[in-house]
Amino acid sequence: MGEPRRHGDRNQRHENFHNEEREHIRGGQGHRPKEFEAFMEKDDLPGLMSRCGHYLYHHPGRRRGQGKILRILSQKEEMTQKELQDILEIRPGSMSEIISKLECRGMLERIRDEKDKRKIILRITEEGKLEGSEKTRHEIEQELFRALSEEEQSGLRALLKKLLDDWYKKEEE
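Residues numbered from 1 in each chain as written. Predicted model: local features only at pLDDT ≥ 70, side-chain atom pairs only at ≥ 80, totals over all residues. Heavy atoms only, no water.

Asks: Just to check I follow, could you spell out a nonpolar patch on the surface for this structure?
Replies: Together, Met-49, Leu-156, Leu-160, Leu-163, Leu-164, Trp-167 and Tyr-168 give the surface a local cluster of nonpolar side chains, amounting to about 600 Å² of exposed area. Per-element tally for the nonpolar patch: the top contributor is helix 9 (residues 150-172), with six residues. Take Met-49: it is sitting in helix 3 (residues 45-58). (Patch = residues over 30% accessible without salt bridge, like charges linked within 9 Å, V, L, I, M, F, W, Y side chains within 5 Å. Areas by Shrake-Rupley, 256 points an atom, 1.4 Å probe, with all protein chains shown as cover. Salt bridge = Lys/Arg side-chain N within 4 Å of Asp/Glu carboxyl O. Helix = DSSP H or I, 4+ residues; strand = E, 2+ residues; numbered from the N terminus.)

Pasting the structure below:
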């Protein structure tokens, strides 16, 4: 029996995978892990869309999950951790990790429910409200699509909506 896997080992494999992905996107050659080859086929439309989706989902520093939580709490002011977890369909462990990070950054606070000590109430702070604002979302969008002109962004938005409408329409048939 081998040595048990450590969390750091998984993080290192994850980082290696993303380094290979970045190299592939930039046109570099070289060895790519087998799971990379399976995920990133060719530069056809589905492959490119998969790579874009993968980037948007995994890119470090984007804090997408944190942003969603802050936007929800900005609207509701406070709610239980369980309610938020159910809305976002996140596992309890993942939710606790994200909440801890937000709490450390001063974006929200956890409060024990006075009536039911098992419940944790999440309350957004003023700093969290600013972070979760639409302005921040707009800035992130500008950063992600800065390589495209306004006209190209508008065209891409229209094309993506057209694809999604067609895909969902087919599901309803």
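Asks: Would you take a moment to explain helix 6 (residues 92-104) for this structure?
Replies: Residue pairs spaced three or four apart in an α-helix point in one direction, given the helix's 3.6 residues per turn. Across its 13 residues, helix 6 extends 18 Å between first and last C-alpha, which sits within 8% of the 18 Å expected from 1.5 Å per residue. Of the positions making up helix 6, those classed as buried are Met-95, Ile-98, Ile-99 and Leu-102. Buried residues along helix 6 cover an arc of 100° about the axis, so they all sit on one side. (Expected span 1.5 Å × (residues − 1). Buried < 20%, exposed > 50% of the residue type's maximum accessible area, 1.4 Å probe, protein only. Arc of directions from axis to C-beta.)

Asks: Just to check I follow, could you spell out the nonpolar core for this structure?
Replies: Generally speaking, a soluble globular protein has its nonpolar side chains buried in company with each other. Formed by 15 residues in total, the largest nonpolar core has its most connected members in Ile-69, Leu-73, Leu-84, Ile-99, Leu-102 and Leu-108. Looking at this core, the elements with two or more residues in it are helix 4 (64-76), helix 6 and strand 3 (120-124). For Ile-99, the contacting residues outside a window of four places in its chain are Ile-69, Gln-81, Leu-84, Leu-108, Arg-110 and Leu-122. (Core = buried A, V, L, I, M, F, W, Y, C linked by side-chain atoms within 4.5 Å. Contact = heavy atoms within 4.5 Å.)

Asks: It is not clear to me how helix 5 (residues 81-88) should be interpreted in this structure. Could you clarify?
Replies: For helix 5, the full list of buried residues reads Gln-81, Leu-84 and Gln-85. The buried residues of helix 5 occupy one face: seen down the axis, they fall within an arc of 100°. Positive backbone phi, at 55°, marks Glu-89, one or two positions downstream of helix 5.

Asks: Honestly, the sheet that holds strand 1 (residues 78-80) in this entry has me stumped. Any pointers?
Replies: The pairing of strands in a sheet comes from backbone hydrogen bonds and takes either a parallel or an antiparallel form. Read from one edge of the open sheet, three strands run 1-3-2, paired in antiparallel fashion. Two strands in the sheet have a free side with no partner beyond their single neighbour: strand 1 and strand 2 (108-112). The mean inter-strand angle of the sheet, taken between neighbouring strand axes irrespective of direction, is 25°. Strand direction decides the pairing type here: strand 1 and strand 3, joined by three bridges, are antiparallel. Along strand 3, the bridge assignment pairs Thr-80 with Ile-121. (Pairing = 2+ DSSP bridges. Axes fitted to C-alpha atoms, helices over the stretch in contact; angles between N-to-C directions.)

Asks: Looking at this structure, I do not really get the pairing of strand 3. What am I missing?
Replies: Regular strands place their side chains on alternate faces of the sheet. Strand direction decides the pairing type here: strand 2 and strand 3, joined by five bridges, are antiparallel. Paired with Glu-109 across the two strands is Arg-123, which belongs to strand 3.

Asks: What am I meant to see in the pattern of salt bridges here?
Replies: Any two side chains of opposite charge can pair, on the condition that their charged atoms come close. According to the stated counting rule, one finds 13 salt bridges in the structure shown. Across the pair Lys-82 and Asp-86 runs a salt bridge whose closest N-O atoms are separated by 2.9 Å. In this pair, Lys-82 and Asp-86 are both assigned in helix 5, four residues apart and thus about one turn of the helix distant. Assessed through its relative accessible area of 45%, Asp-86 is described here as partly exposed. We note a salt bridge from Glu-114 to Lys-117, for which the minimum N-O separation is 3.6 Å. Its relative accessible area of 64% is what places Glu-114 among the exposed residues. Of the residues examined, Lys-117 reaches a relative accessible area of 48% and is grouped as partly exposed. One salt-bridge network, in which partners are shared between bridges, spans Glu-77, Glu-126 and Lys-129.

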